[in-house]
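A structural walkthrough
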Amino acid sequence: GYVHMDIKPMNIMRFSRAKGDSTVTFWKLIDLDGAMKTGKKVAVKDIVFTPQYMAPELAEAVYNYSQEPRQPPPKSPKQQEVTPQLRLSRLMDIWSVGMCALEAIFLTPVLDPWYNEWREET
């Protein structure tokens, strides 16, 4: 399967369609350009996400990546830049869905204060 990696309220759309005498409402997940194959190892810098909805393992990988000293670009084509890798799991999307549900209840991104504090530190 695939992992969306950027589930957030803005990427969940409601559509309605007339069916006979009633209206049928259904939901679609949009913005699939950042979706990646489940189980694949991906460089952290290549992952598209919204910080307030990212899973803890992704947050940890992003934090560690932001703390690493930057390496100069490779001198030869045979050398490759070493970047942290993260194995993608469908559970990352489950976390994001949970964050969306909490936002629907509390009417604000639940982890926003912690994210803003972390952003100021880095």
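Everything discussed here concerns the structure shown above.
Every value quoted in this text rests on a predicted model; they were computed, and no experiment measured them.

Before going further, it helps to spend a moment on the side chain of Asp93. Within the secondary structure, Asp93 sits in helix H2 (residues 91-106). Although Asp93 lies buried, it forms no salt bridge, and the closest oppositely charged side chain, Arg90, sits 9.3 Å away as judged by the N-O distance. In terms of polar contacts, Asp93 uses its side chain to reach the backbone amide nitrogen of His4, at 2.6 Å. Residues within four places of Asp93 in sequence aside, it is in contact with Val3, His4, Met5 and Ile7.

With zero of eight residues buried, strand E2 (residues 12-19) is to be regarded as a mostly surface element. The sheet contact formed by E2 and strand E3 (residues 22-29) spans eight bridges and is antiparallel. By the bridge assignment for E3, Arg14 is matched with Trp27. Here E2 folds back onto E3 in antiparallel fashion, the turn holding two residues, of which Gly20 has a positive phi close to 70 degrees.

Cut-offs and rules
- Residues numbered from 1 in each chain as written.
- Predicted model: local features only at pLDDT ≥ 70, side-chain atom pairs only at ≥ 80, totals over all residues.
- Heavy atoms only, no water.
- Helix = DSSP H or I, 4+ residues; strand = E, 2+ residues; numbered from the N terminus.
- Buried < 20%, exposed > 50% of the residue type's maximum accessible area, 1.4 Å probe, protein only.
- Lys, Arg positive; Asp, Glu negative; His and termini not counted.
- Salt bridge = Lys/Arg side-chain N within 4 Å of Asp/Glu carboxyl O.
- Polar contact = N/O pair within 3.5 Å; in protein donor to acceptor, adjacent residues only side chain to side chain.
- Contact = heavy atoms within 4.5 Å.
- Pairing = 2+ DSSP bridges.

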